[in-house]
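Descriptive analysis of the structure
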Amino acid sequence: MHDELAVEAKNSELAEVERILREAMEGVIQLKVPLIVDIHSGANWSLAK
């Protein structure tokens, strides 16, 4: 399964935003297999991949 979210944040808040997103998305439900979140950042969509 593949989903993407685009979130805008200040560089100074990036670590906190990543922590919040990872915690919320990986912990949303308990499954037999873990939900894994990959987070990338960049100045634009091309650089974030």
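Notes on the structure follow. (Residues numbered from 1 in each chain as written. Predicted model: local features only at pLDDT ≥ 70, side-chain atom pairs only at ≥ 80, totals over all residues. Heavy atoms only, no water.)

In this structure, the largest pocket encloses a volume near 1,200 Å³. Looking at the largest pocket, it is lined by 31 residues, and the ones nearest its centre are Glu4, Leu5, Asp38, Ile39 and His40. Looking at the lining of the largest pocket, the elements with two or more residues in it are α1 (14–26) and α2 (45–48). In terms of residue class, the lining of the largest pocket is made up of 18 nonpolar, 6 polar and 7 charged. (1 Å grid on protein atoms, 1.4 Å probe; cavity = no way out; pocket = protein on both sides within 12 Å on 5 of 7 lines; lining within 4 Å. Points joined across faces, edges and corners; volume = space filled by probe spheres on them. Helix = DSSP H or I, 4+ residues; strand = E, 2+ residues; numbered from the N terminus. Nonpolar A, V, L, I, M, F, W, Y, C, P; charged D, E, K, R; others polar.)

Glancing now at the pattern of salt bridges. Taken as a whole, this structure holds 3 salt bridges when the rule is applied. Where Glu16 meets Arg19, a salt bridge forms, and the shortest distance between an N and an O atom there is 2.7 Å. Linking Glu16 with Arg19, this pair stays in helix α1, spanning 3 residues, or about one helical turn. Of the charged contacts in the structure, one is a salt bridge between Arg22 and Glu26, with a shortest N-O distance of 3.6 Å. Residue Arg22 and its partner Glu26 are located together in helix α1, separated by 4 residues, close to a single helical turn. Each of the salt bridges in this network shares a partner with another, and the network as a whole consists of Glu16, Arg19 and Glu23. (Salt bridge = Lys/Arg side-chain N within 4 Å of Asp/Glu carboxyl O.)

Along the chain, the position of Ile36 falls in the loop between α1 and α2. Residue class for Ile36 comes out exposed when judged on its relative accessible area of 65%. Between the alpha carbons of Ile36 and Ala24 there is a distance of 11 Å; along the sequence they are 12 residues apart. (Buried < 20%, exposed > 50% of the residue type's maximum accessible area, 1.4 Å probe, protein only.)

Attention now goes to the environment of His40. Topologically, His40 is positioned in the loop between α1 and α2. Each C-alpha atom, one on His40 and one on Ala6, is 9.9 Å from the other, the two residues being 34 residues apart in sequence.

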